[in-house]
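# Coordinates in review
Below, each chain spelled out in residue letters.
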Amino acid sequence: QVQLVESGGGLVLAGGSLTLSCITSGRTFSSYAMGWFRQAPGKGQEFVAAITWNAGSTYYADSVKGRFTVSRDNTKNTVYLQMNSLKPEDTAVYYCAKDRNYRTIYLNIRAEDYDSWGQGTQVTVSS
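As a starting point, this report considers the structure included with it. (Residues numbered from 1 in each chain as written. Predicted model: local features only at pLDDT ≥ 70, side-chain atom pairs only at ≥ 80, totals over all residues. Heavy atoms only, no water.)

Along the chain, the position of Glu6 falls in strand β1 (residues 4-7). Here Glu6 occupies a buried position and makes no salt bridge, while the nearest side chain of opposite charge, Arg38, is found at 13 Å. A distance of 2.8 Å separates a polar atom in the side chain of Glu6 from the backbone nitrogen of Gly120. Ignoring sequence-local partners within four residues, the contact set of Glu6 consists of Ser21, Cys22, Trp36, Tyr94, Tyr95, Cys96, Gly118, Gln119, Gly120 and Thr121. (Helix = DSSP H or I, 4+ residues; strand = E, 2+ residues; numbered from the N terminus. Buried < 20%, exposed > 50% of the residue type's maximum accessible area, 1.4 Å probe, protein only. Lys, Arg positive; Asp, Glu negative; His and termini not counted. Salt bridge = Lys/Arg side-chain N within 4 Å of Asp/Glu carboxyl O. Polar contact = N/O pair within 3.5 Å; in protein donor to acceptor, adjacent residues only side chain to side chain. Contact = heavy atoms within 4.5 Å.)

Let us now look at the nonpolar core. Counting 31 residues, the largest nonpolar core has Trp36, Val79, Leu81, Met83 and Tyr94 as its most contacted members. Of all the secondary structure elements, the ones that give two or more residues to this core are β3 (18-24), β4 (32-39), β5 (45-51), β7 (68-73), β8 (78-83), β9 (92-102) and β11 (121-126). A total of five residues in this core trace back to one element, the largest contributor, which is β5. Leaving out residues up to four positions away in the same chain, Tyr94 has contacts with Glu6, Leu20, Phe37, Arg38, Val48, Phe68, Leu81, Met83, Gly120, Thr121 and Val123. (Core = buried A, V, L, I, M, F, W, Y, C linked by side-chain atoms within 4.5 Å.)

Before going further, it helps to examine the side chain of Asn108. Examined against the element boundaries, Asn108 turns out to sit in the loop between β9 and β10 (114-117). Among the residues examined, Asn108 registers a relative accessible area of 17% and is labelled buried. What Asn108 contacts, discounting residues up to four positions off in sequence, is Phe47, Ala50, Asp99, Asn101, Asp113 and Tyr114.

On to the pairing of β8, then. Examined bridge by bridge, β3 and β8 share six bridges and lie antiparallel to one another. Bridge pairing in β8 links Leu20 to Leu81. Alignment of β7 against β8, held across six bridges, turns out to be antiparallel. The partner of Phe68 across the bridge, within β8, is Met83. Connecting β7 to the antiparallel partner β8 that follows it, the hairpin turn spans four residues, and Asn77 within it adopts a positive phi of roughly 55 degrees. (Pairing = 2+ DSSP bridges.)

The next thing to look at is the sheet that holds β8. Across the sheet, four strands lie side by side as β1-β3-β8-β7; this open sheet has antiparallel pairing. The two strands at the open ends of the sheet, each matched to only one other strand, are β1 and β7. Strand-to-strand, the axes of this sheet are offset by a mean angle of 15 degrees, without reference to chain direction. (Axes fitted to C-alpha atoms, helices over the stretch in contact; angles between N-to-C directions.)

Take it as geometry only, folks, not as evidence of what the structure does.
Spelled out as structure tokens, the structure:
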């Protein structure tokens, strides 16, 4: 079973930056797309960003486009989320997730298309 562990969350002032990391166990990381989701207090889960298995394509929610960058290092079994120009509305628990489809060229935005999840890392942006 794949395990995912996020890190890098914290408290930051509006306009600041954070980089989240998600390291995965297992030998199959490099064959699956990875996604980032978030959940703010009192709100549902929201898609943030995704990257294909070979980093050939990325996709972002409109709310983070131009501010966040998703990347991966398959030699380290790690996916990253670089977050710049953070806003108070970015405050949430951030989760990484593994797509359930082997070497898909499509990037999924629905949580049900992902089959393994990390425990989440808290990001708090103060104004």
